[in-house]
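Residue strings, one per chain:
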Amino acid sequence: MASFNLLLLPGDGIGPEVMAEVKKVADALGKAGLGTFETETDLVGGAAYDAHGKAVADSTMQLALSADAVLFGAVGGPKWAKVPYEHRPEAGLLRLRKDLALFANLRPAVCYPALAEASSLKREVIEGLDIMIVRELTGGVYFGEPKEVVTLENGQKRAVDTQVYTTHEIERIARVAFDLAKVRRKKVTSTEKHNVMRSGVLWKEVVTRVGAEEYPDIELEHHLADACGMQLVRWPKQYDVIVCDNLFGDMLSDVAAMLTGSLGMLPSASLGAPDPATGKRKSLYEPVHGSAPDIAGQGLANPIAMIGSFGMALRYSLGLGQAADLVDAAIADVLASGLRTRDIAAKGANAVGTTEMGDAIVAALRKRL
Ligand code: IPM
Ligand code: MG
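Residues numbered from 1 in each chain as written. Chains lettered and ligands numbered in written order. Predicted model: local features only at pLDDT ≥ 70, side-chain atom pairs only at ≥ 80, totals over all residues. Heavy atoms only, no water.

Q: Explain the pairing of strand β9 (residues 219-224) to me, using residue names and the numbers behind them.
A: Across six bridges, strand β8 (residues 187-192) lies against β9 in parallel orientation. When the sheet's bridge partners are listed, Lys187 is paired in β9 with Glu219. Following the backbone out of β8, through helix α7 (residues 198-214) and into the adjacent parallel β9, one traces a crossover that is right-handed. (Pairing = 2+ DSSP bridges. Helix = DSSP H or I, 4+ residues; strand = E, 2+ residues; numbered from the N terminus. Right-handed = clockwise from strand over helix to strand, strands pointing away.)

Q: Which residues make up the sheet that holds strand β11 (residues 269-271), and what values go with them?
A: By way of backbone hydrogen bonds, the strands of a sheet pair with one another, either parallel or antiparallel. Within the open sheet, the ten strands sit side by side as β2-β1-β3-β12-β11-β4-β5-β10-β8-β9. Their pairing is mixed. Unpaired on one side and paired on the other, β2 (36-41) and β9 mark the two borders of the sheet. Strand after strand, the sheet turns through a mean of 25° between neighbouring axes, direction not considered. Note that strand β1 (residues 3-11) and strand β3 (residues 69-74) share five bridges and pair parallel. Residue pairing in the sheet places Leu7 in a bridge with Val70 of β3. Most of the contacts of helix α6 (residues 167-182) go to strand β5 (residues 130-136), to which it runs at about 165°, and overall it touches β4 (104-110), β5, β8, β9 and β10 (241-244). Across the sheet, helix α9 (residues 246-259) lies against β4, β5, β8 and β10, angled at about 155° from β5, the strand it touches most. (Axes fitted to C-alpha atoms, helices over the stretch in contact; angles between N-to-C directions. Contact = heavy atoms within 4.5 Å.)

Q: Lay out the site of ligand 1 in plain terms, naming residues and giving numbers.
A: Taken together, Glu90, Arg97, Arg107, Arg135, Tyr142 and Asp250 make up the full set of residues adjacent to ligand 1. Interatomic distance of 2.8 Å between a side-chain N/O atom of Arg135 and an oxygen atom of ligand 1. For ligand 1, the accessible surface in isolation is 320 Å², of which the surrounding protein chains cover 77%. Its residues placed into classes, the shell around ligand 1 shows one nonpolar, no polar and five charged. (Near = heavy atom within 4 Å. Polar contact = N/O pair within 3.5 Å; in protein donor to acceptor, adjacent residues only side chain to side chain. Areas by Shrake-Rupley, 256 points an atom, 1.4 Å probe, with all protein chains shown as cover. Nonpolar A, V, L, I, M, F, W, Y, C, P; charged D, E, K, R; others polar.)

Q: Describe the nonpolar core, listing the residues and the values that go with them.
A: In this structure, Leu29, Phe37, Leu71, Leu106, Val134, Phe310 and Leu314 are the most contacted members of the largest nonpolar core, which totals 67 residues. Tallying contributions element by element places α6 first for this core, with eight residues. Each of domain 1 (1-103 + 272-369) and domain 2 (114-265) accounts for three or more of the residues forming this core. Discounting chain neighbours no more than four positions away, the residues touching Phe310 are Leu6, Val22, Val25, Ala26, Leu29, Phe37 and Leu71. The next biggest cluster of nonpolar side chains, apart from the first, holds 21 residues, and it includes Ala109, Ile133, Ala225 and Leu252. (Core = buried A, V, L, I, M, F, W, Y, C linked by side-chain atoms within 4.5 Å. Buried < 20%, exposed > 50% of the residue type's maximum accessible area, 1.4 Å probe, protein only. Domains from an automatic or database assignment.)

Q: Describe the environment of Asp68, naming the residues involved and giving the relevant values.
A: Residue placement: Asp68 occurs in the loop between α3 (58-66) and β3. Not counting chain neighbours up to four residues away, the residues in contact with Asp68 comprise Ser3, Phe4, Asn5, Lys280, Ser283, Ser317 and Leu318. Among the polar contacts listed, one links the side chain of Asp68 to the backbone nitrogen of Asn5, at a separation of 2.8 Å. Engagement of the side chain of Asp68 in a polar contact is seen with the side chain of Lys280, the distance being 3.0 Å.

Q: Mind laying out the domain arrangement of the protein, listing which residues take part and the relevant values?
A: Each assigned domain of the protein is listed here: domain 1 (1-103 + 272-369) and domain 2 (114-265). Each of domain 1 and domain 2 was reduced to a C-alpha centroid, and the two centroids are 23 Å apart. In total, domain 1 and domain 2 occlude about 1700 Å² of area from one another, counting both sides; carbon and sulfur atoms represent 69% of this. In terms of surface lost to domain 2, no three residues of domain 1 exceed Arg97, Lys98 and Phe103, which account for 37% of the buried area on that side. Where domain 1 touches domain 2, the interface holds zero salt bridges. Put simply, domain 1 and domain 2 have six residue pairs in polar contact (both at pLDDT 80 or more) between them. (Buried area = accessible area lost by both parts, 1.4 Å probe. Salt bridge = Lys/Arg side-chain N within 4 Å of Asp/Glu carboxyl O.)

Q: Pulling in residues and values, what's your account of the side chain of Ser119?
A: For Ser119, the position within the fold is in the loop between β4 and α5 (123-126). The exposure class assigned to Ser119 is buried, which follows from its relative accessible area of 8%. A distance of 3.0 Å separates a polar atom in the side chain of Ser119 from the backbone nitrogen of Leu121. In this structure Ser119 touches Ile126, Met258, Leu259 and Gly261, once residues within four positions along its chain are discounted.

Q: Give me the lowdown on the packing of helix α1 (residues 15-31) against helix α10 (residues 304-316), citing residues and values where you can.
A: Look at α1 against α10: their axes get within 8 Å of each other, and the N-to-C directions meet at 45°. Considering the angle they form, α1 stands oblique to α10. α1 and α10 meet at a crossing whose hand is right-handed. The residues of α10 that touch α1, namely those facing Val18, Met19, Glu21, Val22, Val25, Ala26 and Leu29, are Met306, Ile307, Phe310 and Leu314. Grouping the amino acids of the contact of α1 with α10 by side-chain chemistry returns ten nonpolar, no polar and one charged. (Parallel < 35°, antiparallel > 145°, perpendicular 65-115°, else oblique. Left-handed = near helix turned anticlockwise from the far one by under 90°.)

Q: Residue-level account of the packing of aromatic side chains, with values.
A: As enumerated under the stated definition, the model contains four aromatic pairs in all. Between Phe37 and Phe310, the aromatic rings sit 6.0 Å apart at their centres with planes inclined by 70°, giving edge-to-face as the arrangement. Remark: Phe310 occurs in helix α10 and Phe37 occurs in strand β2; sequence separation between them is 273 residues. Take Phe37: its relative accessible area is 13%, and that puts it in the buried class. Ring centres of Phe178 and Tyr215 lie 4.8 Å apart, and the angle between their planes is 15°; on these two criteria the pair is classed as stacked. Remark: Tyr215 occurs in the loop between α7 and β9 and Phe178 occurs in helix α6; sequence separation between them is 37 residues. For the pair shown, Phe178 and Tyr215 are each scored as buried. Taken together, the ring pairs connect Phe4, Phe37 and Phe310 into an aromatic cluster. Sitting over the face of the ring of Tyr85, Arg88 holds its NZ or CZ atom 3.9 Å from the ring centroid. (Phe/Tyr/Trp six-rings, centres within 6.5 Å; stacked < 30°, edge-to-face > 60°. Lys NZ or Arg CZ within 6 Å of the ring centre and 35° of its normal.)

Take a look at the structure:
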C-alpha cells in the first residue's frame, strides 16, 4: 500500500477545529486500504509566532519541503494585530507559498445541488455552477519590490506596493489554466486591467499568444477584472476556467466562494511546477476561508472546505483521484441528507457543529468505500 507523508499546519482560529475533521477522513481512507497516511502536525501563523517569534519556523519549512503534501488550516486573528508587519500570521502563509514556489492556485467553485438555497443569489443563477479560478500565487503585488513605507521630508508618509509580472510567470499560469480547460468545458477567461495597468497589457498579450500557439482548441476570452466581478454575480455559469493575477484572484475567488453558499465550502490547491526528474509537484492545500476568530473554539465552523482541500490533495498530489471522488461524493451525500452547519443553514433551521458534520462525512464515506 502506498504511503504518504502529510504535513498538517492547522494554524489559528478555526484552523485546528476543521483540521481535526480531515484527520478522521484520512484515517477512514487508511483503514479501507487506500493508502497509509503518515501525518505530522506543526505550528504556523499566530500560533507559531507565540511559540518561536516567527510566523513559520525554519524547521517547519524543512518539513513542508519534504512532505508529499501540506494541509493548511487558516492563520491570523485580532490577538496578533500589533505584531511587527514582517511577523504577522499571514507572513507564514506567504513564505510557504513563495519558498515552495507554489505559483498555481486552483480554486474550484462548485454549487452542490442541495445548497442552491444557501446562496444569496437566485437558484437559477447558481444551480449547477462549476467554475475553476486559477490564481497566480507567487508574483504580482503580493511580492513585488519595492514594498515599503517611507517618511518624506515634509513628515508625510508614502507607501508603495509594486505590481510586477514577467513573461515567464504569465506563460506558466496561463498553461495551467488552459490544461485544466482541456479536461473541462474548453473555455478560458483571462482577467486583468489592461486599460489602466502596464502589467495588464503584458498579461493579455502573453495569454493570447500562449492560447493561439499552444491551445488552438480552447476558447479564450478576456474580461477586465472589475467586469468579471460583476459578471460573476450576474451570470457565473458563463465561465469555465478564469485565470487571474494574485490580487484579482484573491478578490474574485472570495466572490466565487459566496456563489456556492458560504466561504466555508471552498477548497483550494496551490501547486508548484512538476519536478523534471520525478514529475512530482510541491503542493499546499487550504480552504479559501480565513481563521474566523469570531467563532473560533466554539465548534461551529464548517469543515467542508478543509475536507474538500484534502480531497484535492488526494487528486493532485497523491494520485488517488478515485478516493477524491469518494470524498466529494460523501460531502454531497451529507448535504443532500439535509445536514447543515450554521453558515449554510436556512434561517431558523437547526445547525450542527464541526465534529457532527465531520463525523457525518466520514460515515457517508465509509458507506461508499
Ligand atoms: C487567501 C487569503 C490570503 C491571501 C491571506 C490570508 C494572506 O485571503 O488565501 O485568499 O490574501 O492570499
Ligand atoms: Mg483571500
